[in-house]
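Architecture and fold: a report
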Amino acid sequence: MALRAVAEVKSELQSRGVRLSFGSRDLEAPCGRKGGAGPAEGLTLLLEESPASVPVAASYVAESPYELRPEESGIGYGLYRQGERVRVSASIVPEPQFYRGETASGIPYRKIALLHGTDCLASTVLQSCMFWATPSACRFCGIGLSLVDGRTVLAKKPADLAEVARAAAREGVRHVTLTAGTTRDRLEEWRLFLESARAVRRDAGLPVHVQIMPPIGRRMLEALREAGVSTIGIHVESFDPAVLRAVSPCKAALPLSVFRRAWADAVDVFGPNQVTTFVLLGLGEDAAKTLEGCKRLTEMGVYPFLVPLRPIPGTALAKRNPPAVSFVRDLYEEVAGLLRTAGMSWRKVRAGCARCRGCSALADYEETLASDGGEKVRGSALTCEVVRSGPLVDSCLAVRHEVFVREQKIFRESDGDSLDGVSLHLALRRGREVVGTVRITPLEDGTWLGSRLAVLPAWRGALGSLLVRRAVEEVERRGGRRFLAYIQLSRVRFFQRLGWRCVEAVPEYCGMPHMLMEGPLGLDRSGRRVDSVPRDSSFFRPRAEAGTGSSL
Ligand code: SF4
């Protein structure tokens with residue numbers, strides 16, 4: 001039910017916006033984006049675990065039933081609809097620390113790239129377009145606006161982008177989206193993407209998503225992949241020809257066959273589920289044509305990223321309203337079903353907007369469908385079992401091997417250690433498959449240690465937080481008085497959002513700096529003060545504990 005509530009609240013918020021009882025004056029990017037090449041003008045909220053870019057300043061927001069109010073405690077916010085508290089938690093995604101940095105040549109990092117959603121770094125590598133201010137320009141695009149008021153620089157140097165990406169990765173950014181205006185010499189745009197992706201991949205190790213205008217040849221796509229691009233966006237914008245002619249004449253001038261060719265080549269090169277296209281909603285398009293277009297996309301392995309129109313102040317569509325929420329929801333439901341039939345999911349997209357999901361509730365409708373619809377029929381809803389030994393532990397170890405040895409390369413051959421035999425392992429299963437795990441180990445005096453949190457890449461999103469919450473519950477249920485974990489620095493913000501607090505920085509743990517953090521057990525919430533942690537070896541000596549099984 002919570003997943004459906006998130007999907008419904010998010011889709012309505014994106015069509016109606018949210019009023020801020022405290023005003024928007026102090027909100028800066030990523031909270032206060034005002035322009036850019038993609039959907040803009042908004043505040044990034046976290047609805048439970050789902051990021052949502054929500055309008056706050058457009059004129060229609062004054063009529064929104066939603067209001068965000070500071071909590072009476074002074075900590076956090078509450079979301080209200082027509083004066084009633086909404087039962088979906090809402091928080092404002094905080095401004096990242098890396099915004100304070102600047103390059104050696106003195107360019108502020110925030111002029112090079114911005115945090116989008118909660119874990120995506122986005123940059124317009126070339127903030128100009130050959131169509132800008134011409135009759136062929138996309139009416140919804142604001143690519144030239146940010147440049148005029150000095151919020152960005154015209155061309156981002158690959159080395160600068162890589163530097164920002166490195167800093168962002170240290171704060172938990174997981175993927176990078178690169179976009180650009182269209183250049184007269186198409187090779188220029190392609191080379192920019194090549195060099196930028198290569199630098200980001202080499203220096204920050206993050207998967208990169210590139211958004212490029214067709215036509216684009218197969219060899220160019222292969223070169224992008226070799227440079228480190230993981231996913232590609234080739235945006236059709238609308239499947240309704242009349243709408244496309246009215247709002248995006250430059251794209252309407254390209255026959256649909258040009259897009260189809262580019263999508264087919266891109267799926268061959270990057271794989272199914274790694275090619276995406278924006279499908280804008282609310283431009284007056286025909287729902288049946290839109291749905292038919294999306295169906296053909298999913299049949300060829302292309303992910304249709306449905307995005308409700310976000311009119312950007314200063315653009316030709318500034319006075320338009322976003323689409324009616326019922327129209328958007330119907331399409332979300334239908335397209336989520338198409339994706340499911342095709343075996344596709346936002347979770348399988350390695351990078352980019354579909355992975356970020358800040359501007360669309362499609363992923364939330366996918367989740368809703370999977371949890372309270374078809375998955376139950378097939379008997380594969382999420383379950384979490386707590387075990388000490390047996391085949392399920394082997395499956396947990398296999399997930400850890402995939403994440404810590406193969407993906408993160410923290411361990412060379414195995415991440416197994418002496419704690420495995422005396423720990424409880426939480427096995428998160430989807431159907432029969434174990435997709436995530438975390439280990440909890442009893443120490444002394446009611447203290448437990450959490451470790452080895454791992455979720456398979458295709459299932460990242462909400463499952464990590466589910467596992468952490470489930471681990472906290474399990475420790476609490478077993479009478480634990482204190483729950484500690486060494487957290488990689490890039491994951492500290494994630495744990496803070498789940499109520500964990502920093503205890504002390506640990507310069508080296510498993511060969512890298514970590515933060516010792518404490519989980520929100522009941523005893524802590526009642527105000528017990530936690531001092532520094534004893535570091536003698538006996539404190540960390542585990543004792544044996546019996547396991548059990550339970551449902552999530
Ligand atoms: S969905 Fe794309 S445009 Fe929207 S916030 Fe995320 S990365 Fe940015």
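Everything that follows concerns the structure shown earlier in this document.
Since the model is a prediction, treat every value here as computed from it, not as a measurement.

Each value, and the rule that gives it
Residues numbered from 1 in each chain as written. Predicted model: local features only at pLDDT ≥ 70, side-chain atom pairs only at ≥ 80, totals over all residues. Heavy atoms only, no water. Helix = DSSP H or I, 4+ residues; strand = E, 2+ residues; numbered from the N terminus. Buried < 20%, exposed > 50% of the residue type's maximum accessible area, 1.4 Å probe, protein only. Contact = heavy atoms within 4.5 Å. Areas by Shrake-Rupley, 256 points an atom, 1.4 Å probe, with all protein chains shown as cover. Axes fitted to C-alpha atoms, helices over the stretch in contact; angles between N-to-C directions. Parallel < 35°, antiparallel > 145°, perpendicular 65-115°, else oblique. Left-handed = near helix turned anticlockwise from the far one by under 90°. Nonpolar A, V, L, I, M, F, W, Y, C, P; charged D, E, K, R; others polar. Near = heavy atom within 4 Å. Salt bridge = Lys/Arg side-chain N within 4 Å of Asp/Glu carboxyl O. Disulfide = S-S within 2.5 Å. Pairing = 2+ DSSP bridges.

**Comments concerning the overall build of the protein**
Summing up its helical and strand segments, the protein has 17 helices and 21 strands in all. By residue count, 56% of the 552 residues in the protein fall in the buried class. Considering only intrachain contacts with a sequence separation of at least 6, the fraction spanning at least 24 residues in the protein is 72%. Approximately 23100 Å² of the protein is accessible, and the part contributed by carbon and sulfur atoms is 51%.

**Quick word on the packing of helix α1 (residues 2–16) against helix α10 (residues 325–341)**
Look at α1 against α10: their axes get within 9 Å of each other, and the N-to-C directions meet at 135°. As the angle between them shows, α1 and α10 are arranged oblique. In this structure, the crossing between α1 and α10 has a hand that is right-handed. Touching R4, E8, S11, E12, Q14 and S15 of α1 are V325, V328, R329, Y332 and E333, all from α10. A class-by-class count of the residues in the contact of α1 with α10 yields three nonpolar, three polar and five charged.

**Notes on the site of the ligand**
The immediate surroundings of the ligand are formed by H116, C120, F305, C353, C356, G358 and C359. Partitioning the shell around the ligand into residue classes produces five nonpolar, two polar and no charged.

**Here's the deal with the pattern of salt bridges**
In this structure the tally under the stated criterion is 33 salt bridges. Notably, a salt bridge pairs R261 with D265, separated by 3.4 Å at the nearest N-O pair. Taken as a pair, R261 and D265 lie in helix α8 (residues 256–270) at a separation of four residues, close to a single helical turn. Look at the salt bridges and you will find they share partners, linking R400, D415, D417, D420, R439 and R452 into a network.

**Observations concerning the state of the cysteines**
Counted by the stated rule, this structure contains zero disulfides. Looking at C138, it has no disulfide partner, and the nearest cysteine sulfur is the one in C250, 3.9 Å off. Looking at C138, the relative accessible area reads 16%, which means it is buried. Considering cysteine sulfurs only, C384 is the nearest to C396, which forms no disulfide, with 8.6 Å between them.

**Considering the sheet that holds strand β6 (residues 84–85)**
An order of β1-β4-β5-β6 is seen for the four strands of this open sheet, with the pairing classed as mixed. In this open sheet, the two strands that pair with only one neighbour each are β1 (19–20) and β6. Taken together, the five bridges between strand β4 (residues 66–70) and strand β5 (residues 77–81) define a ladder with antiparallel strand orientation. If you follow L68 over to β5, its bridge partner there is L79.

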